[in-house]
Amino acid sequence: MKIKQEELFGAEDVLKEIKKLYKNISYHDELYKEGRPEISDAEYDVLRRRLDSLQEKYPQYSTPPKVGAKPSEKFSKVPHSMPMLSLSNAFSEEDIYEWNARNKKFLGLTSDENINIYVELKIDGLSFSALYKNGKFDLGLTRGDGEIGENITENLATILPERLHGDFPKILEVRGEIYMSHKNFTNLNDSLPEEEKFANPRNAAAGSLRQKDATITASRKLNYFVYGIGECSESLGNTQSDYTRSFVKLGLKTIPFVQTSMSSGRVTPVKHSISELMEFYYNVEQKRKDLDFDIDGLVYKIDRLDYQKRLGEVARAPRWAIAHKFPAEQAITQIESIDIQVGRIGTLTPVARLKPITVGGVVVSNATLHNEDEIRRKDIRVGDTIVIQRAGDVIPQVVSVDVSKRPANSIPYEFPAYCPVCGSHAVREEGEVARRCTGGLLCEAQLVERIRHFVSRGALDIEGLGERQIQAFWDDGLIKNVTDIFSLADKAEIISARQGWGKKSLENLLGAIEKSRDVSLEKFIYALGIRHVGEVTAKLLAREYANARNWFFTMQQLGSDSEKRESLNNIHGIGETVAGSLTDFFAENHNVEIVEQLISLLRIADAKIAMSDSKVAGKTVVFTGTLTRMTRAEAKERAESLGAKVASSVSAQTDFLIAGEEAGSKLKKARELNVAVLSEDEWLELIK
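The rules we used
- Residues numbered from 1 in each chain as written.
- Predicted model: local features only at pLDDT ≥ 70, side-chain atom pairs only at ≥ 80, totals over all residues.
- Heavy atoms only, no water.
- Helix = DSSP H or I, 4+ residues; strand = E, 2+ residues; numbered from the N terminus.
- Buried < 20%, exposed > 50% of the residue type's maximum accessible area, 1.4 Å probe, protein only.
- Contact = heavy atoms within 4.5 Å.
- Core = buried A, V, L, I, M, F, W, Y, C linked by side-chain atoms within 4.5 Å.
- Expected span 1.5 Å × (residues − 1).
- Phe/Tyr/Trp six-rings, centres within 6.5 Å; stacked < 30°, edge-to-face > 60°.
- Lys NZ or Arg CZ within 6 Å of the ring centre and 35° of its normal.
- Pairing = 2+ DSSP bridges.
- Salt bridge = Lys/Arg side-chain N within 4 Å of Asp/Glu carboxyl O.
- Axes fitted to C-alpha atoms, helices over the stretch in contact; angles between N-to-C directions.
- Parallel < 35°, antiparallel > 145°, perpendicular 65-115°, else oblique.
- Nonpolar A, V, L, I, M, F, W, Y, C, P; charged D, E, K, R; others polar.

Asks: Which parts of the structure should I look at to understand the side chain of His 532?
Replies: Along the chain, His 532 falls in the loop between helix H17 (521–527) and helix H18 (535–545). What makes His 532 buried here is its relative accessible area of 12%. Sequence-distant contacts of His 532, that is, excluding residues within four places in its chain, are made with Lys 23, Thr 537, Thr 577, Val 578 and Ser 581.

Written as structure tokens, this is what we have:
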């Protein structure tokens, strides 16, 4: 029998692993934001799934999920009526078998009971939602960050049908994918000048859909498929298959089901076993090149909607659906040089400059080399002939080196010990894979990037102060620090004399700067660019300390007050890594001075602490005995979703014991401690 790691060790060991995973994932999330990912989608997914599985077992260590990208600055923001979640990825047969087994266990099914699974092509396009009211198209949104999307109604209206056919619900929100066919992509690129050509159909679709002028979107000949629903005023059936049949009757295009030679007779999108799914997967992988649109895998969904509802979601994705990705495509090319890029937080990242090569329909001229350990492990050198691949069909990386073709005068690559931008020492902390510049606020690369981060969408969101403007202001000495942004009004005459700055554009910029002075505490904390403090962590800190002055005062005490440091470290989702970064940041007097100036310059709103109005919010509950109306996993998740803490043993702090059939020692102890005991029916009535 296979024994899980957390069963071999105690909860303390599991907590250590969770902290390590969280630290690692946060590191890679930061690199991904900077456009310099070090690992493939598959490698990241392994880390994420391990963290998700541990946090599901130990919810007290869980952290808020983060899904998708922030909405674009071009369009207004609109909240989704229901969140648009992302999908977990699978890269092997074993992943799919494990997914299926987890679902059966959650639903209380035996291993030999089959679950019907609906399969569809995973379109490599841009997700959207479209709201129809009384059969007429009313609102179109991109997925955005899953909670808030971009309003693209006018553009989407050029692609979707204006009215639904037949017997439609009064309210129907459909969700799907916008894509560009290979034929239309080729025609579009042929009509564009070289500098405006798109790298691939997905980029072309995204760029075309986000045009401010809807007539341009209409001219790009985009297509769509729908695959699911959000808000709906009435039922469209009991299965995913029913949804698809309803879409067709309503006049909406659905994802085509590819016919393969996998079996004789009628082929349907519903599979009755994982072996059928795998056979179909390998057949579609061979046929994907014959399609006139890009796909990067298949999507498997539990067909029964009642099962979908029971399974729910975990962290950033539904349990009842999973994406089975195709393997990355590879090509052979040569390394012409190796450059070092310095990131916003001083990370030195090696990048291979390649002899341009086409991989999976995209011209690749750069590939990440990750870090100095990776270069040393693979013995990568300038002039080497290499195999590259687009991991997850996106991130170019070096797979291997063909040593037999290495030039005779080749020498090993020496990773620099100094920052190539400011010349400061580049050090590598114990236990870290990255080497970082110690120049801090002296390093031009970091200062410009810190300012860019400070004004970005997730931070102070200053429209009109983009990368080009910041760099120009930096070059002219108008901005040398984030606080200088708020004195640009005093330099209006100098700015207006610059090319491209008319009266209106200058007024807009100064107006945006003034508007940014009103900022939430969590956005302010995130804007500071402190290492390991992303948007999720900033939100946790804001909720804990409530206002800017309290947070600022406490952070300054971290280095000298062990109780405050320990209190910070014990916040769920924070941990020692974040506590260390905050301590180091506020140990620098210059940082303290900047933060203090910013607090006086800005109007930072106190954090709003969400309080659940459920009857069990903040209560500690314990389940015992056999539950008959739901599985133990379902009961636990429902309780936690209502704000309750689920414990494994009864104590004086227990508020409710939910006793199923054949309850034993826990029931006895609860009665001894006068803990409220509820039957399963009484519990369900309480939380109804």
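Asks: Quick question: what am I supposed to make of the nonpolar core here?
Replies: Note that soluble globular proteins tend to have their nonpolar side chains buried in a common cluster. Core analysis: the biggest nonpolar cluster contains 59 residues, and Ile 485, Phe 524, Trp 551, Leu 568, Leu 582 and Phe 586 have the highest contact counts within it. In this structure Phe 524 touches Val 519, Trp 551, Val 595, Leu 598, Ile 599, Leu 602 and Ile 604, once residues within four positions along its chain are discounted. Grouped together as the second largest cluster of nonpolar side chains are 32 residues, Phe 128, Leu 188, Ala 205 and Leu 252 included.

Asks: Any chance you could explain helix H10 (residues 274–287) here in plain terms?
Replies: Note: α-helices contain 3.6 residues per turn, so residues at a spacing of three or four share the same orientation. For H10, which comprises 14 residues, the first-to-last C-alpha distance of 20 Å matches the rise-based estimate of 20 Å (1.5 Å per residue) to within 8%. By the burial criterion, the buried members of H10 are Ile 274, Leu 277, Met 278, Phe 280, Tyr 281, Asn 283 and Val 284. In this structure, the buried side of H10 is in contact with helix H4 (93–107), strand S3 (117–123), strand S9 (270–271), strand S10 (295–302) and strand S13 (321–325).

Asks: Looking at this structure, how should I read the packing of aromatic side chains?
Replies: Two descriptors summarise a pair of aromatic rings, namely the distance from one centre to the other and the angle between the planes of the rings. Summed over all chains, the structure comprises 15 aromatic pairs. Seen from their ring centres, Phe 225 and Phe 293 are 5.5 Å apart, and the 70° between their planes marks the pair as edge-to-face. Taken together, the residues Phe 225 in strand S8 (residues 223–232) and Phe 293 in the loop between H10 and S10 connect sequence positions 68 residues apart. For the residue pair Phe 225 and Phe 293, the accessibility class agrees, reading buried in each case. Sitting above the plane of the Tyr 307 ring, Arg 304 keeps its charged end 3.9 Å from the centroid. The aromatic ring of Trp 474 is capped on one face by Lys 480, whose charged end is 3.7 Å from the ring centroid.

Asks: Would you take a moment to explain the pairing of strand S25 (residues 656–659) for this structure?
Replies: Regular strands place their side chains on alternate faces of the sheet. Because side chains alternate across S25, one face comprises the buried residues Phe 656 and Ile 658, and the other comprises Leu 657 and Ala 659, equally buried. By the bridge criterion, 4 bridges tie strand S23 (residues 620–624) to S25 in an arrangement that is parallel. Residue Phe 623 lies in a different strand from S25, and its bridge partner there is Ile 658. In this sheet, strand S26 (residues 676–679) lies alongside S25 in parallel orientation, the contact comprising 4 bridges. By the bridge assignment for S26, Leu 657 is matched with Val 677.

Asks: Just checking my understanding: could you explain the pattern of salt bridges for this structure?
Replies: When charged atoms on two side chains of opposite charge get close, those side chains can pair. Taken as a whole, this structure holds 32 salt bridges when the rule is applied. Of the charged contacts, one joins Glu 372 and Arg 428 as a salt bridge, the two residues approaching to 4.0 Å between their closest N and O atoms. Placement of the pair is Glu 372 in helix H12 (residues 372–378) and Arg 428 in the loop between strand S19 (426–427) and strand S20 (435–437), with a sequence separation of 56 residues. Here Glu 372 falls in the buried class, since its relative accessible area comes to 7%.

Asks: Before we go on, may I ask you to explain the packing of helix H6 (residues 182–191) against helix H7 (residues 201–209) in this structure?
Replies: Any two packed helices are characterised by the angle at which their axes cross and by the distance between the axes. Their axes nearest at 10 Å, the elements H6 and H7 cross at an angle of 70°. Relative to H7, the element H6 is oriented roughly perpendicular. Contacts from His 182, Phe 185 and Leu 188 in H6 reach Pro 201, Ala 204 and Ser 208 in H7. Residue classes in the contact of H6 with H7 are distributed as 4 nonpolar, 2 polar and no charged.

Asks: Explain helix H14 (residues 467–475) here, please?
Replies: Among all positions of H14, only Gln 469, Ile 470, Ala 472, Phe 473 and Trp 474 are buried. In this structure, the buried side of H14 is in contact with helix H13 (444–454), helix H15 (492–496) and helix H16 (503–516). Gly 477 sits one or two residues past H14 and shows a positive phi near 75°.

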